[in-house]
Amino acid sequence: MAQVSINSDLGEWGFSADAGERARLLQSPCVEPDPKSEGEASPESLSRGTTSTFGAIFIVVNACLGAGLLNFPAAFSTAGGVAAGISLQMGMLVFIISGLVILAYCSQASNERTYQEVVWAVCGRLTGVLCEVTIAIYTFGTCIAFLIIIGDQQDKIIAVLTKEPEGASGSPWYTDRKFTISLTAFLFILPLSIPREIGFQKYASFLSVVGTWYVTAIVIIKYIWPDKEMTPGDILTRPASWMAVFNAMPTICFGFQCHVSSVPIFNSMRQPEVKTWGGVVTAAMVIALAVYMGTGVCGFLTFGASVDPDVLLSYPSNDVAVAVARAFIILSVLTSYSILHFCGRAVVEGLWLRYQEMPVEEDVGREQRRRVLQTVVWFLLTLLLALFIPDIGKVIAVIGGLAACFIFVFPGLCLIQAKLSEMEEVKPASWWALVSYGVLLVTLGAFIFGQTTASAMFVDLWA
């Protein structure tokens with residue numbers, strides 16, 4: 001493969017040349033013994049991964065599936081019914097898969113092994129910094145959503161244990177939502193977030209994947225054999241407007257966003273070839289589509305337009321099978337919070353080190369103190385916001401708009417820059433088509449972000 005001409009001037013913006021690499025070495029649970037230097041990186045010099053093709057499919061599915069599936073029934077309701085929801089998912093899946101393939105192509109061409117490093121190398125430092133800031137904001141917002149989900153599920157479980165309806169006046173102080181979220185966060189999330197490495201969570205992560213499939217199975221079973229007390233609202237058959245369809249896009253983006261973790265997964269393969277990767281992500285996205293579509297269709301048809309933004313909240317509190325699903329979701333987000341925080345903390349660390357231009361010895365000496373401070377500040381801010389933003393739908397709208405940037409905008413910019421770098425060479429016949437497709441991706445992502453995220457931030461959250 002011809003090498004893409006990338007922006008490699010390390011003197012711009014006043015950043016230290018190796019600060020980003022030092023941040024990766026300080027934060028990554030799986031690192032190389034020595035940082036690569038300019039001119040050393042090549043396909044032969046990079047160590048081969050050990051992940052098989054089928055293993056890569058499973059990892060991508062694992063990265064894609066998560067608590068976001070709880071919002072798909074509401075997304076179908078927003079889109080205007082089953083036909084509109086399925087059509088929207090199928091249409092967006094084409095762009096989602098192409099974005100994953102573009103990232104693999106740019107990773108191989110630039111010899112970079114993480115999402116932000118690929119954007120940094122291909123698009124330049126300004127876009128690279130913007131990408132890192134976006135990742136930090138996205139992971140921060142997702143952590144808030146996870147805390148809200150914990151509170152939602154605990155409310156239902158506590159209502160069964162105390163045999164009182166949720167939110168009933170005169171309930172004991174220890175059943176108050178703010179107290180239960182805070183207690184769970186301090187006992188479990190904060191200790192899991194402080195360690196430097198997260199490899200120890202692989203077993204809990206496996207359980208969270210099992211829990212995701214269990215939730216989907218419960219939603220489907222409850223649709224086929226519904227409880228007598230569950231009565232659906234209006235079953236919409238068409239969108240109320242085109243804007244309603246677009247308003248469902250952030251949820252789909254949030255659910256299918258695995259692009260940030262896709263670059264390391266691609267480079268962990270035994271044969272990291274773009275063609276093989278295309279088959280991997282196509283198979284993985286079809287599996288994820290089946291899970292999300294099953295949850296979305298059955299959840300929407302069970303409750304209709306009255307479905308809650310978190311579908312599990314629509315089920316009765318005393319349903320044992322659903323209570324198990326709620327417990328699985330709590331377990332899933334407990335581990336997912338610390339993983340997302342780890343990614344956000346690594347980005348913040350990289351930005352800080354580049355800005356400070358610290359000697360590497362000083363970085364290592366102060367790493368633990370800085371990591372604890374970053375973790376505590378991150379944890380407290382997300383907890384406070386989660387306590388006072390109880391509606392998960394509004395948070396999903398914001399982070400779904402940011403997810404659109406990772407799915408559409410940055411891959412589109414990488415494709416455009418990669419093709420523009422070939423202008424001095426002989427242009428292939430597909431040159432203009434690829435550049436035009438990159439422009440389409442950027443435009444679509446910018447529209448989703450601008451239309452949905454800005455509305456949620458400046459209207460809904462402060463209403």
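Refer to the preceding data block for the structure.
Since the model is a prediction, treat every value here as computed from it, not as a measurement.

Participant: It is not clear to me how helix α15 (residues 392–420) should be interpreted in this structure. Could you clarify?
Facilitator: For an α-helix the count is 3.6 residues per turn, leaving residues at separations of three or four pointing the same way. Between its terminal C-alpha atoms α15 stretches 41 Å, which fits the 42 Å expected from 29 residues at 1.5 Å a residue. The sharpest bend along α15 measures roughly 35° and falls at Cys405.

Participant: Help me understand helix α7 (residues 177–193) in this model?
Facilitator: Roughly 40° is the biggest bend found in α7, and it falls at Ala185. Buried within α7 we find Arg177, Thr180, Ile181, Ser182, Thr184, Ala185, Ile189, Leu190 and Ser193. For α7, the N-terminal cap is Asp176; the gap from its side-chain oxygen to the backbone nitrogen of Lys178 is 3.1 Å.

Participant: Can you help me understand the packing of aromatic side chains in this one?
Facilitator: To describe a pair of aromatic rings, one takes the distance between the centres and the angle between the planes. Under the definition given, this model contains 15 aromatic pairs. Note on Phe140 and Trp378: the rings are 5.3 Å apart at their centroids and 80° apart in plane angle, and the pair reads as edge-to-face. Of the two residues, Phe140 is situated in helix α6 (residues 125–162) and Trp378 in helix α14 (residues 360–388); the sequence distance between them amounts to 238 residues. Ring centres 5.6 Å apart and planes at 70° place the aromatic pair Phe266 and Trp277 in the edge-to-face group. One end of the pair, Phe266, is in helix α11 (residues 259–267); the other, Trp277, is in helix α12 (residues 274–303), with eleven residues separating them in the sequence. For Trp277, a relative accessible area of 1% gives the class buried. Among the aromatic residues, those joined into a cluster by ring pairs are Tyr115, Tyr138, Phe406 and Phe410.

Participant: Any chance you could explain the nonpolar core here in plain terms?
Facilitator: Across soluble globular proteins, you tend to see nonpolar side chains buried next to one another. Judged by nonpolar contacts, the single largest core of 117 residues is most densely connected at Tyr115, Phe256, Trp277, Met285 and Phe408. At 17 residues, the largest contribution of residues to this core is made by α15. When residues no more than four places from it in sequence are discounted, the contact partners of Trp277 are Val60, Leu100, Val101, Ala104, Ser262, Ile265, Phe266 and Met269.

Participant: How should the packing of helix α5 (residues 115–123) against α6 be read in this particular structure?
Facilitator: To characterise two packed helices, one gives the angle between the axes of the helices and the distance between these axes. With their axes 7 Å apart at the nearest point, α5 and α6 run at an angle of 160° to one another. Between α5 and α6, the angle falls in the class roughly antiparallel. Our pair here, α5 against α6, has a crossing hand that is right-handed. On α6, the residues that touch Tyr115, Gln116, Val119, Trp120 and Cys123 of α5 are Arg125, Thr127, Gly128, Val129, Cys131, Glu132 and Ile135. A breakdown of the residues in the contact of α5 with α6 according to their chemical character gives seven nonpolar, three polar and two charged.

Criteria and cut-off values
Residues numbered from 1 in each chain as written. Predicted model: local features only at pLDDT ≥ 70, side-chain atom pairs only at ≥ 80, totals over all residues. Heavy atoms only, no water. Helix = DSSP H or I, 4+ residues; strand = E, 2+ residues; numbered from the N terminus. Expected span 1.5 Å × (residues − 1). Bend = angle between axes of the 7 residues up to and from the residue. Buried < 20%, exposed > 50% of the residue type's maximum accessible area, 1.4 Å probe, protein only. Polar contact = N/O pair within 3.5 Å; in protein donor to acceptor, adjacent residues only side chain to side chain. Phe/Tyr/Trp six-rings, centres within 6.5 Å; stacked < 30°, edge-to-face > 60°. Core = buried A, V, L, I, M, F, W, Y, C linked by side-chain atoms within 4.5 Å. Contact = heavy atoms within 4.5 Å. Axes fitted to C-alpha atoms, helices over the stretch in contact; angles between N-to-C directions. Parallel < 35°, antiparallel > 145°, perpendicular 65-115°, else oblique. Left-handed = near helix turned anticlockwise from the far one by under 90°. Nonpolar A, V, L, I, M, F, W, Y, C, P; charged D, E, K, R; others polar.

By themselves, these observations are geometric and do not establish any function.
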